[in-house]
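Descriptive structure summary
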Amino acid sequence: VHLLRNAGDEVTITVEYLREAPSFLKLPLGSPGSSSDHSSGTSSPLFDSGLHLNGNSNNTAPSSPSSPIANEPKYEKRWLDTLSVPLSMARISRYKTGTDKLRSNAFEVLALDGVSTGILQFYTAQESADWLRALSTNISDLTLQNMKMANKCCSPSDQVLHMGWVNERLEGTDSSQLYKFKFLALKGSSFYIFSTPPVSTLDWVRAEKIYNLCEVLFKIHKLWLADDCWLQANLYLGIQQDFDLEDQRPYCFSVMVGHGKSHYFNVELGSELAVWEKSFQKAIFLEVQRTG
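In this text, all values refer to a predicted model and were calculated from it rather than measured experimentally. (Residues numbered from 1 in each chain as written. Predicted model: local features only at pLDDT ≥ 70, side-chain atom pairs only at ≥ 80, totals over all residues. Heavy atoms only, no water.)

1. What to know about the environment of P86
Relative to the elements of secondary structure, P86 occurs in the loop between β2 (75-76) and β3 (91-93). P86 gets classed as partly exposed once you look at its relative accessible area, which sits at 46%. (Helix = DSSP H or I, 4+ residues; strand = E, 2+ residues; numbered from the N terminus. Buried < 20%, exposed > 50% of the residue type's maximum accessible area, 1.4 Å probe, protein only.)

Below you can see the structure in the form of structure tokens.
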């Protein structure tokens, strides 16, 4: 650096090719190193897709290997994770915090223990939709497995029919509309509202609210379709569309629980709304049938 600073306005630098570079970089012998090799478009094995090299990453050149076999690197055909988020009982959020505005081609995944992926931003709406659909399907499958495990310990009249995450709208003191994550479950004769998912038998008696299914009324609110084409194509529910929603969130439903009191919920996908409608209809029908 001292030489460069005092060399004047024009500097001539001579670069020599180090033939020991493959060994220094932990690359196979014969890997491209000269300028002619690079100009031919040959890529280095270091950048092969899905392959990572084992070896220390210090900057000291190792001693010459005793044999060519000893110099060959060991490839790892595995992902190198920077963050692992379990999808069992996880939830997806597509809204900007504290608002009713959808993120553009982005969403966040939050694990049961609160670990977050951060905001996952995609280049196109189609990419975002594909990932959202894949993650939602995976979470649904894992939730179904948890339901089956829970039902093994329950009587036939006390089975878990459906459960999952929703956003519940809370009325603030300043009339502002706030949403909070809630976990809903339809089990036996009851409709449960939790702040966190039940992971043990004892958790079922610790629900925030428990209502008898014979005393609730489920209602879907008419959809508001965003500009995103993938939202519009997400699911057709066969009901007329208009703009009379109480807020700007699509895929909303309410559950009236008696004496005029109701809970107003929102889900992230139209497919989730359809499943909740079907599950409520089935659960209420079965309970009315049992009660006679």
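2. Let's talk about the confidence of the model for the protein
Here the protein averages 76 in pLDDT, and 67% of its residues register 70 or above. Per-element confidence in the protein ranges from a low mean pLDDT of 39 for helix α6 (residues 229-232) to a high of 95 for strand β8 (residues 190-194). Here residues 31-66 scores under 50 on pLDDT; set against residues more than four positions off or in separate chains, the count is 44 contacts. The low-confidence segment residues 225-246, where pLDDT is below 50, has 43 contacts with residues more than four positions distant or belonging to other chains. (pLDDT = per-residue confidence, 0-100. Contact = heavy atoms within 4.5 Å.)

3. Things to note about the packing of aromatic side chains
The geometry of an aromatic ring pair comes down to the distance between the two centres and the angle between the two planes. Taken as a whole, this structure holds 14 aromatic pairs when the rule is applied. Where F191 meets F280, the ring centres are 5.2 Å apart and the plane angle is 65 degrees; that geometry is what we call edge-to-face. Of this pair, F191 sits in strand β8 while F280 sits in helix α7 (residues 270-291), placing them 89 residues apart in sequence. Since its relative accessible area comes to 0%, F280 is described here as buried. Positioned over the ring face of W165 is R91, at 4.7 Å from the centre of the ring. When the ring centre of Y264 is taken as origin, the NZ or CZ atom of R169, which lies over that ring, is 4.0 Å away. (Phe/Tyr/Trp six-rings, centres within 6.5 Å; stacked < 30°, edge-to-face > 60°. Lys NZ or Arg CZ within 6 Å of the ring centre and 35° of its normal.)

4. Regarding the pattern of salt bridges
For side chains bearing opposite charge, pairing can occur when the charged atoms are close. Counted by the stated rule, this structure contains five salt bridges. Taking the shortest distance from any N to any O, the salt bridge between D158 and K187 comes out at 2.7 Å. Of this pair, D158 sits in the loop between α5 (125-151) and β6 (160-171) while K187 is found in strand β7 (residues 177-187), placing the two residues 29 residues apart along the sequence. Judged by its relative accessible area of 26%, D158 falls in the partly exposed class. (Salt bridge = Lys/Arg side-chain N within 4 Å of Asp/Glu carboxyl O.)

5. What about the nonpolar core?
Ranked by internal contacts, the top residues of the largest apolar core, which has 20 residues, are L184, F191, F253, V255, F265, W276 and F280. The element that contributes the greatest number of residues to this core is α7, accounting for four residues. Ignoring anything within four residues of it in the chain, the contact list for F191 reads L184, A185, L186, K209, I210, Y211, L213, V255, F265 and F280. Core analysis: the next-biggest nonpolar cluster, separate from the first, contains 12 residues, V109, L132, L135 and L269 among them. (Core = buried A, V, L, I, M, F, W, Y, C linked by side-chain atoms within 4.5 Å.)

6. What to know about α5
Taking 1.5 Å as the rise per residue, α5 with 27 residues should run 39 Å; its terminal C-alpha atoms sit 38 Å apart, in good agreement. What α5 keeps buried is the set S128, A129, L132, L135, S136, I139, T143, M147 and N151. (Expected span 1.5 Å × (residues − 1).)

7. Section: the sheet that holds strand β4 (residues 106-110)
Strand order across the open sheet formed by three strands is β3-β4-β5, with antiparallel pairing between neighbours. Of all strands in the sheet, those bounded by a partner on one side alone are β3 and β5 (116-121). For this sheet the average axis-to-axis angle between neighbouring strands, irrespective of direction, equals 20 degrees. As defined by bridge partners, β3 adjoins β4 across three bridges and the pair is classed as antiparallel. Looking at the pairing, I92 lines up with V109 of β4. This element, α5, spans β3 and β4 of the sheet and lies at about 20 degrees to β4. (Pairing = 2+ DSSP bridges. Axes fitted to C-alpha atoms, helices over the stretch in contact; angles between N-to-C directions.)

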